[in-house]
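Topology and contacts: notes
Residues per chain, in single letters:
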Amino acid sequence: MTGTVRAPLAVFAALFAGSLLLAWPALGWPMTFDDLHLVQTYPVRFLLTAFQGHWDPYRLMTAGYRPLTTVFNHARSLLCGENVVAHRLLLLGLGAATWGWLAVSLRAWGVAPRATLLAGALWFTSIYSVFHYVWITDGNHMLQGLAFAASAAALARGLPRGSRSLLAASLLGFAVALLTREDSLALAPALALMALALARRAGAARACAAYVLALALASVALLALRRAVVPRSQPPGADFAAPFISFARAFSPAGTTGFDAPSWAAIAGWWVVLGLLATTWARQRQSPGASGGVPLWLGCALATCLPAVNVLREDLLFFPVLFASLALAQVLAELAARGGWRRGLAAGAAAWALLGGAAMSRVYAENFHPESLRTIWWNGRFVYGAYARKARLPPQRREAVVAQLHRFQIDEMWGHEVRTRKLEQRAIAQGRRRPGDDGQPFYPWLPWSED
């Protein structure tokens, strides 16, 4: 087996095994939140309609143009049925495959496979990646990631050669990401920066200019199509504070909110470590390569947080965390290559980031636990609350949700609206903030609210 094949397979295998260990407690948790409504098989006419208008056939979710998300939900439901373990294993596999593919293409930008492996590990253990493998619906981000990996691979090979077919393939990967979720617009400035960095070394200015122009045209075309076929879709944002908040979150694997003294100390300590890393790297760094290096990934991380391409919601930090992980992995790799105390600093920082992120990810994931009052509240909306009239849950899934709510004496609208809130107040008063062995409902330490 050649090194070209061995490296991506090793990255894939290592990340799949590590992410499986990280996600293990949540693998069997039942569907919840939007899973109940969206992840199912659809009639062919609904799949076709998704390319002509609103991506949700029942018009419950946020208006938008995401036809490939509807197709993906249909395809994985055909493949995995009601087996939630199979659904989550599929998502973990897609995530690991994304980084395995990147282990090949990122060499063009000076990122060694070992650094890609570390970046993938940092990405998986980031608290914000919980959404993409625990929340089954949100796993459509993994399809975006795979599309980006394909786009980057074609760009890495096509730009130095001036190959129109490969550059067209890169644009096709970008289009697949756009048709999966509109927040893939965040990739346009990032891919442009990657193309510019690569063109400097390859002397491919004209091909780069054409590629960047095509990225811009594809983005405008998607926005125009979205506005035409889904008039009620949310327009691009203009929040100029959001980039800095999202950027800071992307570089904090354990998040920015703790719940006890150790968690707050871990988060605060990480910012001290990050500052030490940045200072040491800036003083000791070698001359950056022509293909970009750390500044490139920092620029991409910031670009994916720009107004109109991303928002503050934690589950939309897929690409900011990806590029932040690449920047951090490159810093650690360059410091480790210097040897001595710098290698120790890099190893300690990597351990802090990975362990802190993994520990907080486990706690954050508990929003989706079947006894979480966040889960109970949202599930109630689909059978008794705001979504009950329009929601079309598969019969087996509906019966399971009704039985789950019945355990907590929630059997109608009043129970959903009033009793759930009382259960939340009682859980907080009694200190039930994590799942126990008694099957009692709890209110998560790190609640995430989509309300």
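Parameters and conventions
- Residues numbered from 1 in each chain as written.
- Predicted model: local features only at pLDDT ≥ 70, side-chain atom pairs only at ≥ 80, totals over all residues.
- Heavy atoms only, no water.
- Helix = DSSP H or I, 4+ residues; strand = E, 2+ residues; numbered from the N terminus.
- Rg over C-alpha atoms; globule rule 2.2 N^0.38 Å.
- Buried < 20%, exposed > 50% of the residue type's maximum accessible area, 1.4 Å probe, protein only.
- Contact = heavy atoms within 4.5 Å.
- Areas by Shrake-Rupley, 256 points an atom, 1.4 Å probe, with all protein chains shown as cover.
- Phe/Tyr/Trp six-rings, centres within 6.5 Å; stacked < 30°, edge-to-face > 60°.
- Lys NZ or Arg CZ within 6 Å of the ring centre and 35° of its normal.
- Core = buried A, V, L, I, M, F, W, Y, C linked by side-chain atoms within 4.5 Å.
- 1 Å grid on protein atoms, 1.4 Å probe; cavity = no way out; pocket = protein on both sides within 12 Å on 5 of 7 lines; lining within 4 Å.
- Points joined across faces, edges and corners; volume = space filled by probe spheres on them.
- Axes fitted to C-alpha atoms, helices over the stretch in contact; angles between N-to-C directions.
- Parallel < 35°, antiparallel > 145°, perpendicular 65-115°, else oblique.
- Nonpolar A, V, L, I, M, F, W, Y, C, P; charged D, E, K, R; others polar.
- Salt bridge = Lys/Arg side-chain N within 4 Å of Asp/Glu carboxyl O.
- pLDDT = per-residue confidence, 0-100.
- Expected span 1.5 Å × (residues − 1).
- Bend = angle between axes of the 7 residues up to and from the residue.

Quick look at the overall build of the protein chain
In terms of regular secondary structure, the protein chain is built from 19 helices and zero strands. Whereas a compact globule of 451 residues would reach a radius of gyration of roughly 22 Å, the protein chain reaches 22 Å, a difference of no more than 12%. Taking the principal axes of its C-alpha atoms as reference, the protein chain extends roughly 65 × 50 × 45 Å. Burial status across the protein chain gives 56% buried among its 451 residues. Looking at the protein chain alone, contacts between residues at least 24 apart form 75% of all its contacts between residues at least 6 apart. About 18,700 Å² of surface is accessible on the protein chain, with carbon and sulfur atoms providing 64% of the total.

As for the side chain of threonine 375
Turning to its location among the elements, threonine 375 is positioned in helix H17 (residues 373-383). Threonine 375 has contacts with Thr32, Phe33, Asn367, Phe368, His369, Pro370 and Gln404, leaving out every residue within four places of it along the chain.

Notes on the packing of aromatic side chains
The description of an aromatic ring pair rests on the distance of the ring centres and on the angle between the ring planes. This model, assessed by the stated rule, comprises 19 aromatic pairs. Note on phenylalanine 131 and phenylalanine 368: the rings are 6.2 Å apart at their centroids and 85° apart in plane angle, and the pair reads as edge-to-face. On the criterion of sequence distance, the pair formed by phenylalanine 131 in helix H7 (residues 130-134) and phenylalanine 368 in the loop between helix H16 (340-364) and H17 is long-range, its members being 237 residues apart. Since its relative accessible area comes to 2%, phenylalanine 368 is described here as buried. Among the aromatic residues, those joined into a cluster by ring pairs are Phe33, Phe131, Trp135, Tyr364, Phe368, Trp378, Phe382 and Tyr387. Across from the ring centre of tyrosine 387, 5.0 Å away, lies the NZ or CZ of arginine 381, which sits over that ring. Above the face of the tryptophan 377 ring, arginine 421 is positioned so that its terminal group lies 3.9 Å from the ring centre.

Observations regarding the nonpolar core
Of all hydrophobic cores here, the largest spans 136 residues; its most connected members are Trp99, Trp109, Phe148, Met194, Trp297 and Phe323. Here this core gets 13 residues from one element, more than from any other, and that element is helix H15 (residues 318-338). Those residues in contact with phenylalanine 323 that lie beyond four places of it in its chain are Phe148, Leu187, Ala190, Met194, Trp297, Cys300, Ala301 and Thr304.

Some points on empty space enclosed by the protein
Following the criterion strictly, the structure yields three cavities of 30 Å³ or more and no others. Here the largest cavity is characterised by a volume of approximately 80 Å³. Around the largest cavity, the lining residues are Leu122, Ser126, Ala250, Phe251, Ser252, Pro253, Val321, Ala324, Ser325 and Leu328. The leading source of residues in the lining of the largest cavity is H15, at four residues.

Some remarks on unusual backbone geometry
In the Ramachandran plot, phenylalanine 33 falls in the positive-phi region, its phi being about 50° despite a non-glycine side chain. Residue position: phenylalanine 33 is located in the loop between helix H1 (3-23) and helix H2 (35-38). Phi is positive for glutamine 409, which is not a glycine, with a value near 60°. Residue placement: glutamine 409 occurs in the loop between helix H18 (395-406) and helix H19 (413-429).

Some details on the packing of H17 against H19
At a minimum axis distance of 10 Å, the contact between H17 and H19 shows a crossing angle of 180°. The orientation of H17 relative to H19 falls into the category roughly antiparallel. Residues Leu373, Ile376, Trp377, Gly380 and Arg381 of H17 form the contact with H19, whose participating residues are His416, Glu417, Thr420, Arg421, Leu423, Glu424 and Ala427.

Here's the deal with the packing of helix H4 (residues 67-80) against helix H9 (residues 164-180)
Closest axis-to-axis distance for the H4/H9 pair is 5 Å, and the angle between their directions is 80°. By the criterion of interaxial angle, the relationship of H4 to H9 is roughly perpendicular. Residues Pro67, Leu68 and Thr69 of H4 touch H9, and the partners they reach there are Val176, Leu179 and Thr180. Taken together, the residues of the contact of H4 with H9 break down into four nonpolar, two polar and no charged.

Side note on the environment of threonine 41
Take threonine 41: it is sitting in the loop between H2 and helix H3 (44-50). For the pair threonine 41 and arginine 76, spaced 35 residues apart in sequence, the C-alpha separation works out to 8.4 Å. Look past the residues within four positions of threonine 41 in its chain and what remains in contact with it is His74, Ser77 and Leu78.

What to know about the pattern of salt bridges
Between side chains of opposite charge, pairing is possible as soon as their charged atoms come close. Taken as a whole, this structure holds eight salt bridges when the rule is applied. Arginine 397 serves as the salt-bridge partner of glutamate 82, at 2.7 Å between the closest nitrogen and oxygen. Of this pair, glutamate 82 sits in the loop between H4 and helix H5 (84-105) while arginine 397 is found in helix H18, placing the two residues 315 residues apart along the sequence. Under the relative-accessibility criterion, glutamate 82 is labelled partly exposed at 34%.

Observations concerning the environment of arginine 342
Here arginine 342 lies in helix H16. On the basis of relative accessibility, which here comes to 18%, the residue arginine 342 falls in the buried class. Taking the C-alpha atoms as reference points, arginine 342 and arginine 249, 93 residues apart in sequence, are found 25 Å from one another. Other than its neighbours up to four places away in sequence, arginine 342 contacts Thr280, Gln284 and Leu335.

Some remarks on the confidence of the model for the protein chain
Confidence along the protein chain averages 91 in pLDDT terms, with 94% of residues attaining 70 or more. Note on residues 287-291: pLDDT under 50 across the span, and nine contacts to partners over four residues away in sequence or across chains.

Regarding helix H8 (residues 140-161)
An α-helical turn contains 3.6 residues, so a residue and the one three or four places further along point in the same direction. Its 22 residues place the ends of H8 32 Å apart at the C-alpha level, agreeing with the 32 Å of an ideal helix rising 1.5 Å per residue. Taking the largest bend as the criterion, H8 deviates by roughly 25°, centred on leucine 155. For H8, the buried fraction is high: 17 of the 22 residues fall into the buried class. The first or second residue beyond H8 is glycine 162, which carries a positive phi of 65°.

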